[in-house]
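Residue-level listing of the chains:
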Amino acid sequence: MARSYVSEARKRVGPKRARIRPIVERLALEHSDAQIALRFRDPLELLVSVMLSAQTTDVNVNRVTEKLFAKYRRPEDYLAVPPEELERDIFATGFYRQKAKALRGTMQMLIEDYGGEVPDDFDALLRLPGVARKTANVVSAERGHAQGIVVDTHVRRLAQRLGLTKEEDPVKIERDLMRLVPREDWARFPHLLIWHGRRVCDARRPACELCVISDLCPSSRV
């Protein structure tokens, strides 16, 4: 795609700072049901679900955790069984050895450092084994105090198509989005992009004719 056409398209839709609020507002109306797909009942289950979701689908995680959370209710429960047993219980999520090791390390730290509770502090979450920025962002946002913006494959694709970032690295994309998106929308913005990406802005065949933000998107005009 010629750079001149992309540049011209961006001029027609206007600057990104002027577009971000109507983008959020329209997507919020279009996807009023947008929310996290993982099923959990408390902060511990939320943390475990997000840790298991790496490299697999939310549907698959929910299928596994339905039985997992009936068996493992407290951090101590994850340490009370042999590592091989926990690996079998999460096998279907993939990368089960690494995930089991991370879960056990996290549970040990929760017991020793946080009284068995999932910490609220963002930096404390990042200290937990197997918890990177994306996981900490999800947990913080779902607990009502987002510290950043979750960037997954849908968020990256749509942010790039909307001309909100030119970056490829998730950390740099997040930084660009945090500068644009109002802080009060940091938690819901990723869900809006994720659901729009699944329903309308498909990776291979985006349905621009059905898109409520097509007039705000430079990619729809190229």
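Below is a short write-up of the structure.

The rules behind each value
Residues numbered from 1 in each chain as written. Predicted model: local features only at pLDDT ≥ 70, side-chain atom pairs only at ≥ 80, totals over all residues. Heavy atoms only, no water. Axes fitted to C-alpha atoms, helices over the stretch in contact; angles between N-to-C directions. Helix = DSSP H or I, 4+ residues; strand = E, 2+ residues; numbered from the N terminus. Parallel < 35°, antiparallel > 145°, perpendicular 65-115°, else oblique. Left-handed = near helix turned anticlockwise from the far one by under 90°. Contact = heavy atoms within 4.5 Å. Nonpolar A, V, L, I, M, F, W, Y, C, P; charged D, E, K, R; others polar. Buried < 20%, exposed > 50% of the residue type's maximum accessible area, 1.4 Å probe, protein only. Polar contact = N/O pair within 3.5 Å; in protein donor to acceptor, adjacent residues only side chain to side chain. Phe/Tyr/Trp six-rings, centres within 6.5 Å; stacked < 30°, edge-to-face > 60°. Salt bridge = Lys/Arg side-chain N within 4 Å of Asp/Glu carboxyl O.

A short note on the packing of helix α3 (residues 43–52) against helix α4 (residues 58–71)
Phase 1: The contact between α3 and α4 brings their axes to 10 Å, and the two run at 140°. Looking at the two axes, α3 sits oblique to α4. The interaxial crossing formed by α3 with α4 has right-handed handedness. Residue-level inspection shows E45, V48, S49 and L52 of α3 in contact with α4, the latter providing V61, T65, L68 and F69.
Phase 2: For the contact of α3 with α4, the class distribution of residues is five nonpolar, two polar and one charged.

Description of the environment of L125
Phase 1: Along the chain, L125 falls in helix α8 (residues 122–127).
Phase 2: Sequence separation between L125 and N137 is twelve residues, and the spatial gap between their C-alpha atoms is 9.2 Å.

Here's the deal with the side chain of N62
Phase 1: Mapping N62 onto the fold places it in helix α4.
Phase 2: Assessed through its relative accessible area of 6%, N62 is described here as buried.
Phase 3: At 2.9 Å, the side chain of N62 and the backbone nitrogen of R39 are in polar contact.
Phase 4: In contact with N62, not counting residues within four places along its chain, are A37, L38 and R39.

Quick look at the packing of aromatic side chains
Phase 1: Here the structure, examined in full by the defined rule, presents two aromatic pairs.
Phase 2: Relative to Y78, the ring of Y72 lies with its centre 4.7 Å away and its plane at 25°, an arrangement referred to as stacked.
Phase 3: When its relative accessible area of 1% is taken as the criterion, Y78 is described as buried.

A closer look at helix α10 (residues 153–161)
Phase 1: Within the sequence span of α10, burial applies to H154, V155, R157, L158, A159 and R161.
Phase 2: Looking at the buried positions of α10, the neighbouring elements they touch are α11 (170–180) and α12 (188–199).
Phase 3: Its side-chain oxygen placed 3.1 Å from the backbone nitrogen of H154, D152 serves as the N-cap of α10.
Phase 4: Of the residues one or two after α10, G163 is the one with positive phi, at around 75°.

Here we look at the pattern of salt bridges
Phase 1: Per the counting criterion, the structure on display carries 13 salt bridges.
Phase 2: A salt bridge links D33 to R199, with the nearest nitrogen and oxygen atoms 2.7 Å apart. Of this pair, D33 sits in the loop between α2 (16–30) and α3 while R199 sits in helix α12; the two residues are 166 residues apart in sequence, bridging distant segments of the chain.
Phase 3: With relative accessibility at 37%, the residue D33 sits in the partly exposed group.
Phase 4: By relative accessible area, which is 44% here, R199 ends up partly exposed.
Phase 5: We note a salt bridge from D77 to R74, for which the minimum N-O separation is 3.6 Å.
Phase 6: Under the relative-accessibility criterion, D77 is labelled buried at 17%.
Phase 7: A relative accessible area of 47% means that R74 is categorised as partly exposed.
Phase 8: Among the charged side chains, a network of salt bridges with common partners joins K71, E85 and D89.

A few points about the packing of α2 against α12
Phase 1: In the contact formed by α2 and α12, the axes pass within 10 Å of each other and the chain directions differ by 65°. Here α2 and α12 pass one another in a crossing that is left-handed. Across from I20, V24, L27 and A28 in α2, the residues of α12 making contact are R188, F189, L192, L193 and H196.
Phase 2: Partitioned by chemical class, the residues of the contact of α2 with α12 number seven nonpolar, one polar and one charged.

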